[in-house]
Amino acid sequence: MNTRHIAISLFALLVSQASSYAQALIPLRVGYDGFSITTAPMDFAQKQGLFKKHGLDITITYVDGGPTLTQAVVGGSVDIGQNGYTSAAAAALQGADLVFIGGISNKLPFQLVVKNEIKTPADLKGKRIAISRFGSSTDTAVTFAVTYLGLKRSDVNILQLGGETTRTAAMMSGQLDGSMEQYPRTAELMDEGYHVLADCTEIAGDYPNTSYVTTKTFLKKNPEAAKRFMMAISEGIAVYKQNPEAAIKSTSDFLKLKPGHAAKDTYDYFTKEIFPDVPAPSIKGIAIVLDELKATVPAAATAKPESLVDMSILDGLQKDGFFASLKK
């Protein structure tokens, strides 16, 4: 065989191998309900090619509002949801085929940001406060905030406005008196003269915010896809924490942040206080969610947190030393 034929054969082999690798990627549909810093590690992981590294052909879709995303997971239009704990737990308790397999934010990192003239709880009465959707994490957060301030939900006018971009724009245009926000939007609003009246990160304690949830049916039929997802997310969090300059730039691009301190302040806070090294669902947090839900979902009174969780993937990765391998 001459040199030309050898070169052609080698090229054909490489093309064949590349094609086989591409075909080997497992398609996976992932939804997220928060266009916020909580999603930044997943966006970063995708930009870094970590899902492909772990054998996934991933499609990531924004779904406006936690309850809507929960329905999408239950209905099968999304395989895995980066979803609020509250809406997912409520659905599971009412018979939905849902299970928690991970957690990215096991705190409730929202602030009640208000106009400067609102100084006291009394000033807040009758005012317009924005959340994303009823039943969402922002809805839970507003309850914590007004209760902390000695008020009732009925003392304020709670409006469903969707994602944080819409809420922030409404605040900036003067249509609202307050909104449930999280950093960096909180910092941006403070730069514009707004201030924080209540911080749920401190008030709510271990009340969790954002989980990874799927159906038991999907997990049973597609255990390898779910495992690869948790591996890619875990590595994404690790790389995000280990590369602050690249992560901050990626986050700024993703959230369309203005130049300034907000991106770095947010990154520092979330990497130190919120994002875990091992993205496990919070058993303690789910117990708090169940206690809160029992007033409206009777099954929550007798449910055990462990019954809503499947730790098999994370336990297996821990046993295999995967998480230890991610540490520099």
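Quick look at the structure, then. These figures come from a predicted structure and were not determined experimentally.

## Notes on the environment of Ile248
Within the element layout of this structure, Ile248 appears in helix α13 (residues 244-255). What makes Ile248 buried here is its relative accessible area of 19%. Sequence separation of Ile248 and Lys264 is 16 residues, and the distance between their C-alpha atoms is 6.3 Å. For Ile248, the residues in contact, after removing those within four places along its chain, are Ala263, Lys264 and Tyr267.

## So, the packing of aromatic side chains
A ring pair, where both rings are aromatic, is described by two values, the distance of the centres and the angle of the planes. Counted according to the given criterion, the structure contains 15 aromatic pairs. An angle of 45° between the planes, with centres 5.4 Å apart, marks the rings of Phe270 and Phe275 as tilted. Ring centres of Phe322 and Phe323 lie 5.6 Å apart, and the angle between their planes is 70°; this geometry places the pair in the edge-to-face category. For Phe322, a relative accessible area of 12% corresponds to the buried category.

## Some details on the packing of helix α5 (residues 85-93) against helix α15 (residues 283-293)
At a closest axis distance of 10 Å, the pairing of α5 and α15 adopts a crossing angle of 65°. It follows from the interaxial angle that α5 and α15 lie roughly perpendicular. Of the two possible hands of crossing, α5 and α15 adopt the one that is right-handed. For the pair α5 and α15, contact is made by Tyr85, Thr86, Ala89, Ala90 and Leu93 and by Ile286, Val289, Leu290, Glu292 and Leu293, respectively.

## A short note on the nonpolar core
Core analysis: the biggest nonpolar cluster contains 48 residues, and Leu28, Phe51, Phe229, Met230, Tyr240 and Phe275 have the highest contact counts within it. When residues of this core are assigned to their parent elements, the largest contribution, 11 residues, is made by helix α12 (residues 223-242). Setting aside its immediate chain neighbours within four residues, Leu28 contacts Leu56, Asp57, Ile58, Thr59, Asp79, Ile80, Phe218, Ala225 and Phe229. In this structure, Ala72, Ala96, Leu124 and Leu197 belong to the second largest nonpolar core, which totals 46 residues.

## Let's talk about the environment of Ile237
Tracing the chain through its elements places Ile237 in helix α12. With a relative accessible area of 1%, Ile237 lands in the buried category. Along the backbone, Ile237 and Leu176 are 61 residues apart, and their C-alpha atoms lie at a distance of 34 Å. Residues in contact with Ile237, not counting those within four places in the same chain, are Pro41, Ile104, Phe275, Pro276 and Pro279.

## Observations concerning empty space enclosed by the protein
Throughout the structure, instances matching the rule amount to one cavity of 30 Å³ or more. Considering only enclosed or pocket space, the largest cavity measures out at about 280 Å³ in volume. Around the largest cavity, the lining is made up of 27 residues, and of these Asp33, Gly34, Phe110, Thr138 and Gln182 lie nearest the centre. Looking at the lining of the largest cavity, the elements with two or more residues in it are β3 (80-84), α5, α7 (137-148) and α8 (164-172). Taken together, the residues that form the lining of the largest cavity break down as three nonpolar, 20 polar and four charged.

Each value, and the rule that gives it
- Residues numbered from 1 in each chain as written.
- Predicted model: local features only at pLDDT ≥ 70, side-chain atom pairs only at ≥ 80, totals over all residues.
- Heavy atoms only, no water.
- Helix = DSSP H or I, 4+ residues; strand = E, 2+ residues; numbered from the N terminus.
- Buried < 20%, exposed > 50% of the residue type's maximum accessible area, 1.4 Å probe, protein only.
- Contact = heavy atoms within 4.5 Å.
- Phe/Tyr/Trp six-rings, centres within 6.5 Å; stacked < 30°, edge-to-face > 60°.
- Axes fitted to C-alpha atoms, helices over the stretch in contact; angles between N-to-C directions.
- Parallel < 35°, antiparallel > 145°, perpendicular 65-115°, else oblique.
- Left-handed = near helix turned anticlockwise from the far one by under 90°.
- Core = buried A, V, L, I, M, F, W, Y, C linked by side-chain atoms within 4.5 Å.
- 1 Å grid on protein atoms, 1.4 Å probe; cavity = no way out; pocket = protein on both sides within 12 Å on 5 of 7 lines; lining within 4 Å.
- Points joined across faces, edges and corners; volume = space filled by probe spheres on them.
- Nonpolar A, V, L, I, M, F, W, Y, C, P; charged D, E, K, R; others polar.

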